[in-house]
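Listed here are the chains, written in short residue letters.
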Amino acid sequence: MFATRPEARPASVEVFVEDRPVMVPEGASAAAAVLLAGIPAIRETPVSGAPRLPYCMMGVCFDCLAEIDGVANRQACMVMVTPGMRIAPQRGARQARPGLAGKGA
Amino acid sequence: MSRTQDAIVVGGGLVGTAIAYGLQKRGLSTVLLDEGDVAHRASRGNFGLVWVQTKGLGAPHYQRWTRGSAAAWPGLAEDLSARTGIGTGLHQPGGLHLCLSEDELERRAATMARMQREAGNFGFEYRMLTHSEVAERMPGIGRSVVGASWTPYDGHASPLHLLRALHTAFREAGGLYLPNAGVAEGTAAPHDFSVEAGGQRHHAPRIVLAAGLGNAALAPLFGLAAPVRPERGQILVTERTRPLLPMPTTTIRQTGEGSVMIGDSKEEAGFDTQTQTPEIMRAMARRAVLSFPWIAELNIVRAWSALRVMAPDGLPIYDQAERFPGAFTANCHSGVTLAGAHAEILAPMIVAGELPAEMAPFSARRFEHVRNAA
Amino acid sequence: MRRFDLAVIGAGPAGMAAAVEAAHLGLSVLVVDEQPAPGGQVFRAVEAAGGDPALTEEFPEAGGALVRAFRAAEDIAYWPRATLWHVDLAGGVLSVLRDGVSEEVAATRLLLATGAQERPVPVPGWTLPGVMGAGAAQILLKTAGAVPRGPVVIAGQGPLAWLLAVQLLRAGAGPMTLLETGGKGALWDALRAGGLWTGRRLLRKGLSLVREARRHGLRVVRRVRNLQAGGEGRVRRVRWDGGEIACDTLLLHEGVIPSTHIGRALGLEHRWDEAQRCWRPVLDEWGASSHGFVAVAGDGGGIGGWEAAVATGHLAAIDAARRMDRLPAAECARRARPYQTRLASALALRPFLDRLYAPAPEMLVPPDDATIICRCEEVTAGQVRLAARLGATGPNQVKAYLRAGMGPCQGRMCGGTVAAVIAEERGIPIAEAGALRPRAPFKPLTVGELAALPPGDVA
């Protein structure tokens, strides 16, 4: 688990990780927010359901796939936090949303 | 070093491996000569349809051959699974061709009616579906889908699992697979052939050329002709998505792993696929989103273009050399659809040493008048 | 379609230096970068993190200066949060995705300054939550000021391992253990490589890091072999031959390798670098690749560190100007000279470092069949060995057989290991096993982003 150091970087942005509020510094990624929230997994793999947390933090490994603001399979280390952002683990393969047809999807 | 076998198969893609497996399991000791890691390998670019719907318009023998292959597929899939434990993901629930305009739908209906006419007493079952009939069968179709054609014969499978299963089964049946063994030259006499490949000389009374585009250069060495040329085809593949599509369409299918594959259609979409540009990828993506708007959300993780093996008339070429009996070629662009026929129908013919009369329309001799005229 | 003289991919030291130089020489420049701010990974978020006392000296000073010069330069179109996903080599057209919209731009020359990635370290248990790259922890420190809580183990070797240990200890992390995986005799081998005098400044920097780490109470275990991460659902301990330690976070590092994904997708000629155990593009002294449209600068052309990257960025920009007849040959040579000198000095210590920190064989080829190689598709070393025995001669065939490399990372994490396993199994050199041939899109984009249909047309 990771922790911020308010003396070096004030945590000023509130985001929600699995619906729990977490304060993170501006410029942090959604993947960083997940590590700061301390949840056990950011995703469960679509192959075996194994838990994963971010591995590379630089856009290479795709182990940080998460559902961000309702959009599945986003590369969380490449998405900067914004106030009120909602981040949830990606559990297995994404679910397509055929119901969205006709709603401007 | 020199080696003698009952048969040499040149080309370790889907076509060559299906034939080699069919020969080996019928008792011919077979060597399968393949290229290396970065061979052109149309097999890796195969879309994975086991597709019958409009195969052989104006060429009923091709429709029958394709239908025969689709019918032979379940047996092949079962056989491979029993021998290797590898599932080929075969699923034959029927298939749709979606039409995105009234004009497309009208033309499609005419095509399907002609297919049925040409099938004669062999029969050809199909239905034209309206938008709402398609909507009953497929989730979340776009309003651009004005209708579709349906046949019960269509299905799909995993080209990659099929290739691995065929390779495994071939080897477990005692076949000799040699990678990094491209063939550039050979000698031919009736029932007596030899090639140099992978640093060895291979001799056999039978040789089957199934080297895809490589056949064009190889065939003349063995008294055959294979006037095939490349045609570029592109495929987009999305990330794994939970199962949603109950049946394949001509250009969109969901794999066993959950990926949605988006292919190009020569038949209706009408884009030029000779070059790989974002425009073609974009045109494919547009058609997919118009067909199923929810596809827009999915991430494309892979895309590739592969070279299809095309004869001048788009139909397969199967031949035995007149001058050198025992030399055969197999050329086609539907390595998955025709795998059943290659392993279970064509291979026995090669074992018997002769292509029967009903195969005559597939001979490259059909192009001779074209060449002579030119 | 907008047109630029030079399109630079990456806003790290090489990309920034190239852009500044090119703009100075009168070229119109586009810089495309995935990150929200310039700096690359080495100077990641330097504008925001420059004041962090854990990240002193070189980071705020050198990094800050580079970014300021880049920001100040005129005539640079800078596109942050943008991803290059396709290149039409013949037409000189790039497809770039920004804010969900793909745009085509034309360029006279393309400079890939895509930097490096950490070498994947496929040890047993490396997929457990709590195991990550050392570089990942450093990025967390730079972008969020964050440090791991609880016992930390850094396992591996290389300059970054020591730098990270010091930075995290300064920031209050710990207790911390460094498990050094270097081989016995590596130092003597390394000393024979020479370059110590020319590279003495870098060497001094390294030695002072080691001293500072000791002062902070870093525990160091040397010659660690057969590293394994253990735990249920999360890493709880690290084991090696003759030792075990509990931990909450395991940070792996076996050096960095060039990011060659785009270059390989473009079919640029690459060669296997045995000293650095990685593929690198074949480049001339200016960074020009085997394709007339493309140059490469920085660590993406071979690992040399940020100072070398800056020098190669300048040289590639000077070459671009010469090719476009904006700089006479004589002026070109004169202008290049100081950067050539700096490059030589920055690279002097490299052979020593390459030998000192050569990864142990089991770090490149997992001996245990159960170890996962492809993290996306969860393909194990044993499966790859079986495929190699079945006849797969390279990573492209293994991809077709097993899906290794078919996941969203497109083989960035597994490609090298798969090739190494095949090479060992078939008894051939890695160079002969070859590399994955990636294809566009270089990074995933959605079908909708590609389709770019007006919303009214869809629903």
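Residues numbered from 1 in each chain as written. Chains lettered and ligands numbered in written order. Predicted model: local features only at pLDDT ≥ 70, side-chain atom pairs only at ≥ 80, totals over all residues. Heavy atoms only, no water.

Section: the interface of chain B and chain A
A common way to state how big an interface is: give the accessible area lost once the parts meet.
For step 1, the next point in the chain: Contacts between chain B and chain A engage 13 residues on the former and 13 residues on the latter.
For step 2, the next point in the chain: Between chain B and chain A, a total of about 1300 Å² is buried, with carbon and sulfur atoms accounting for 54% of that surface.
For step 3, the next point in the chain: Connecting chain B to chain A are three salt bridges.
For step 4, the next point in the chain: One salt bridge in this structure joins R94 of chain A and E239 of chain B, with 2.4 Å as the shortest N-O distance.
For step 5, the next point in the chain: Inspection of the region where chain B meets chain A yields nine residue pairs in polar contact (both at pLDDT 80 or more).
For step 6, the next point in the chain: A breakdown of the residues in the side of chain B that touches chain A according to their chemical character gives six nonpolar, three polar and four charged. (Contact = heavy atoms within 4.5 Å. Buried area = accessible area lost by both parts, 1.4 Å probe. Salt bridge = Lys/Arg side-chain N within 4 Å of Asp/Glu carboxyl O. Polar contact = N/O pair within 3.5 Å; in protein donor to acceptor, adjacent residues only side chain to side chain. Nonpolar A, V, L, I, M, F, W, Y, C, P; charged D, E, K, R; others polar.)

Thoughts on the domain arrangement of chain B
Residue and element names in this part refer to chain B.
For step 1, the next point in the chain: Structurally, chain B comprises domain 1 (2-75 + 159-228 + 313-373), domain 2 (95-152) and domain 3 (229-310).
For step 2, the next point in the chain: One C-alpha centre belongs to domain 1, the other to domain 2; they are set 33 Å apart.
For step 3, the next point in the chain: Of the residues lining the interface, 12 residues belong to domain 1; the matching set on domain 2 comes to 15 residues.
For step 4, the next point in the chain: Here domain 1 meets domain 2 over a buried area of about 1100 Å², counting both sides, of which 62% is carbon and sulfur.
For step 5, the next point in the chain: Linking domain 1 with domain 2 are five residue pairs in polar contact (both at pLDDT 80 or more), by the criterion used here. (Domains from an automatic or database assignment.)

What about helix 2 (residues 60-84) of chain B?
All names here are of chain B.
For step 1, the next point in the chain: The terminal C-alpha atoms of helix 2 lie 35 Å apart, and with 25 residues this matches the ideal 36 Å at 1.5 Å per residue to within 8%.
For step 2, the next point in the chain: When the local axis directions of helix 2 are compared, the greatest deviation, roughly 35 degrees, occurs at W73, which is followed within four positions by the proline P74.
For step 3, the next point in the chain: Positive phi appears at G85, one or two residues downstream of helix 2, with a value of about 75 degrees. (Helix = DSSP H or I, 4+ residues; strand = E, 2+ residues; numbered from the N terminus. Expected span 1.5 Å × (residues − 1). Bend = angle between axes of the 7 residues up to and from the residue.)

Structural notes on the interface of chain A and chain C
For step 1, the next point in the chain: Chain A puts 42 residues into the contact, and the matching count from chain C is 51 residues.
For step 2, the next point in the chain: When the two sides are added together, the surface that chain A and chain C hide from each other amounts to roughly 3600 Å², 59% of it contributed by carbon and sulfur.
For step 3, the next point in the chain: Where D52 of chain C meets R5 of chain A, a salt bridge forms, and the shortest distance between an N and an O atom there is 2.8 Å.
For step 4, the next point in the chain: Between chain A and chain C we count 13 residue pairs in polar contact (both at pLDDT 80 or more) in total.
For step 5, the next point in the chain: Of all the elements, helix 1 (residues 30-37) of chain A adds the most residues to the side of chain A that touches chain C, at three residues.
For step 6, the next point in the chain: Here the residues of the side of chain A that touches chain C sort into 27 nonpolar, eight polar and seven charged.
For step 7, the next point in the chain: Pairing geometry for strand 1 (residues 2-3) of chain A and strand 9 (residues 147-148) of chain C, over two bridges, is antiparallel. Each bridged residue has a counterpart across the sheet, and for A3 of chain A the counterpart in strand 9 of chain C is V147 of chain C. (Pairing = 2+ DSSP bridges.)

Considerations on the environment of A193 of chain C
All names here are of chain C.
For step 1, the next point in the chain: Structurally, A193 can be placed in the loop between helix 6 (186-191) and helix 7 (200-215).
For step 2, the next point in the chain: It is 13 Å that separates the C-alpha atoms of A193 and Q276, two residues lying 83 residues apart in sequence.
For step 3, the next point in the chain: Once residues lying within four places of it in the same chain are set aside, the contact partners of A193 are P351, F352 and R355.

Section: helix 7 of chain C
For an α-helix, 3.6 residues make a turn, and residues three or four places apart therefore share a direction.
For step 1, the next point in the chain: Taking 1.5 Å per residue as the helical rise, helix 7 of chain C with its 16 residues ought to reach 22 Å, and the 22 Å between its terminal C-alpha atoms agrees with that figure.
For step 2, the next point in the chain: Tucked into the core, helix 7 of chain C has its buried residues touching helix 5 (159-170) of chain C.

So, the environment of A246 of chain C
Residue and element names in this part refer to chain C.
For step 1, the next point in the chain: Among the structural elements, A246 can be located in strand 15 (residues 243-246).
For step 2, the next point in the chain: Once the C-alpha coordinates of A246 and V153 are considered, the two residues, 93 residues apart in sequence, prove to be 8.7 Å apart.
For step 3, the next point in the chain: Not counting residues up to four positions away in its chain, the partners in contact with A246 are P151, R236 and R237.

Some remarks on the state of the cysteines
For step 1, the next point in the chain: Applying the stated criterion across every chain yields a total of zero disulfides over all chains.
For step 2, the next point in the chain: Summary of cysteine pairing: C61 of chain A is not part of a disulfide, and the nearest cysteine sulfur, belonging to C56 of chain A, is at 3.8 Å.
For step 3, the next point in the chain: Residue C61 of chain A is classed as buried on the basis of its relative accessible area of 2%.
For step 4, the next point in the chain: No disulfide involves C409 of chain C; its sulfur sits 3.9 Å from that of C376 of chain C, the nearest cysteine. (Disulfide = S-S within 2.5 Å. Buried < 20%, exposed > 50% of the residue type's maximum accessible area, 1.4 Å probe, protein only.)

Regarding the nonpolar core
It is characteristic of soluble globular proteins that their nonpolar side chains tend to be buried jointly.
For step 1, the next point in the chain: In terms of nonpolar packing, the biggest core is built from 169 residues, with V15, Y55, M57 and I87 of chain A together with L250 and L252 of chain C touching the most fellow members.
For step 2, the next point in the chain: The leading source of residues in this core is helix 9 (residues 306-323) of chain C, at 11 residues.
For step 3, the next point in the chain: Beyond its immediate sequence surroundings of up to four residues, V15 of chain A is in contact with R20, P21, V22, V24, A33, V81, T82, G84, M85 and I87 of chain A.
For step 4, the next point in the chain: The next biggest cluster of nonpolar side chains, apart from the first, holds 55 residues, and it includes V9, L80, A339 and F362 of chain B. (Core = buried A, V, L, I, M, F, W, Y, C linked by side-chain atoms within 4.5 Å.)

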